[in-house]
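The chain contents come next:
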Amino acid sequence: MESTFGSRFKQFRLTTHLNQEEFGKKIGLARTTISNVEVDKYVINVQNLIMLVLAFPKLNILWLLMGTGSMLSISNSDDLKIEFLSELLREKDARIKTLEELLEKYRQ
C-alpha cells in the first residue's frame, strides 16, 4: 500500500506521543482538522507546514511531503529547510499577486 501525506502525517504524530488535540495546538490546527488531514480529507496549507517544521525541527519535510528518505532528519539541515520553506512562500506570494491582478482586471 502506497503511503499518503495523511498517513505519513499520522505516523509522525504518533511518534510524538501527542493526541490529535495536543498536536494540533502545537501547529495551530483544531483536532478535527488534524483528524481530516490524517485521512486525506484535508491538506494543510503553507503556514501550517511552516508551523509544523518550527515545532518539530527534526521532521524530514521531504519525507512528509513525498515519502522520500526517513521520517527524521539525521543531519541539522536548517538551511535547506529554510530555503525550501522560503521557496514555498515565494510561490504562494506569486499566486496571490496573480489573483490580485485578476481581481483588479475583473473590477475594471
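Structure's up top.
A brief report on the enclosed structure follows. (Residues numbered from 1 in each chain as written. Predicted model: local features only at pLDDT ≥ 70, side-chain atom pairs only at ≥ 80, totals over all residues. Heavy atoms only, no water.)

Section: the packing of helix α1 (residues 5–15) against helix α2 (residues 20–27)
Taken N-terminus to C-terminus, the directions of α1 and α2 make an angle of 100°; their axes are 10 Å apart at the nearest point. Judged on the interaxial angle alone, α2 and α1 are roughly perpendicular. Taking contact as the criterion, the partners of F9, F12 and R13 in α1 are, on α2, Q20, F23 and I27. (Axes fitted to C-alpha atoms, helices over the stretch in contact; angles between N-to-C directions. Helix = DSSP H or I, 4+ residues; strand = E, 2+ residues; numbered from the N terminus. Parallel < 35°, antiparallel > 145°, perpendicular 65-115°, else oblique. Contact = heavy atoms within 4.5 Å.)

Section: the pattern of salt bridges
In total, this model carries two salt bridges according to the counting rule given. Put simply, E38 and R13 hold a salt bridge, and the shortest N to O gap is 2.4 Å. Within this pair, whereas E38 is found in helix α3 (residues 31–38), its partner R13 is found in helix α1, the two being separated by 25 residues in sequence. Look at R13 and you get buried, because its relative accessible area is 7%. For E21, the salt bridge identified is with K25, shortest N-O distance 3.8 Å. (Salt bridge = Lys/Arg side-chain N within 4 Å of Asp/Glu carboxyl O. Buried < 20%, exposed > 50% of the residue type's maximum accessible area, 1.4 Å probe, protein only.)

Concerning unusual backbone geometry
Even without a glycine there, the phi angle at H17 is positive, about 60°. By the element assignment, H17 lies in the loop between α1 and α2. Not every positive phi belongs to a glycine, and D40 is a case in point at roughly 60°.

Quick notes on α2
Looking at α2, one finds that the buried residues are Q20, F23, G24 and I27. Down the axis of α2, the smallest arc covering the buried residues is 100°, so these residues share one side. Taken together, the buried residues of α2 touch α1, α3 and α4 (46–55). Looking at where α2 begins, the residue whose side-chain oxygen comes 3.0 Å from the main-chain nitrogen of E21 is N19. Among the residues trailing α2, G28 stands out with phi positive, at a value near 80°. (Arc of directions from axis to C-beta. Polar contact = N/O pair within 3.5 Å; in protein donor to acceptor, adjacent residues only side chain to side chain.)

Remarks on the nonpolar core
F9, F23, L52 and L64 are the most contacted members of the largest nonpolar core, which has 23 residues in total. Elements represented by at least two residues in this core include exactly α1, α2, α3, α4, α5 (61–66) and α6 (78–107). Tallying contributions element by element places α4 first for this core, with five residues. Discounting residues that sit within four places of it in the chain, L52 has contacts with F9, F12, F23, I27, I44, L59 and L64. (Core = buried A, V, L, I, M, F, W, Y, C linked by side-chain atoms within 4.5 Å.)

Structural notes on α1
The complete set of buried residues in α1 reads F5, G6, R8, F9, F12 and R13. Looking down the long axis of α1, one finds its buried residues gathered within 165° of arc, a one-sided arrangement. Check the buried side of α1 and you find it contacts α2, α3, α4 and α5. A positive backbone phi angle near 60° is found at H17, which sits one or two residues after α1.

Read these as spatial facts, not as claims about activity.
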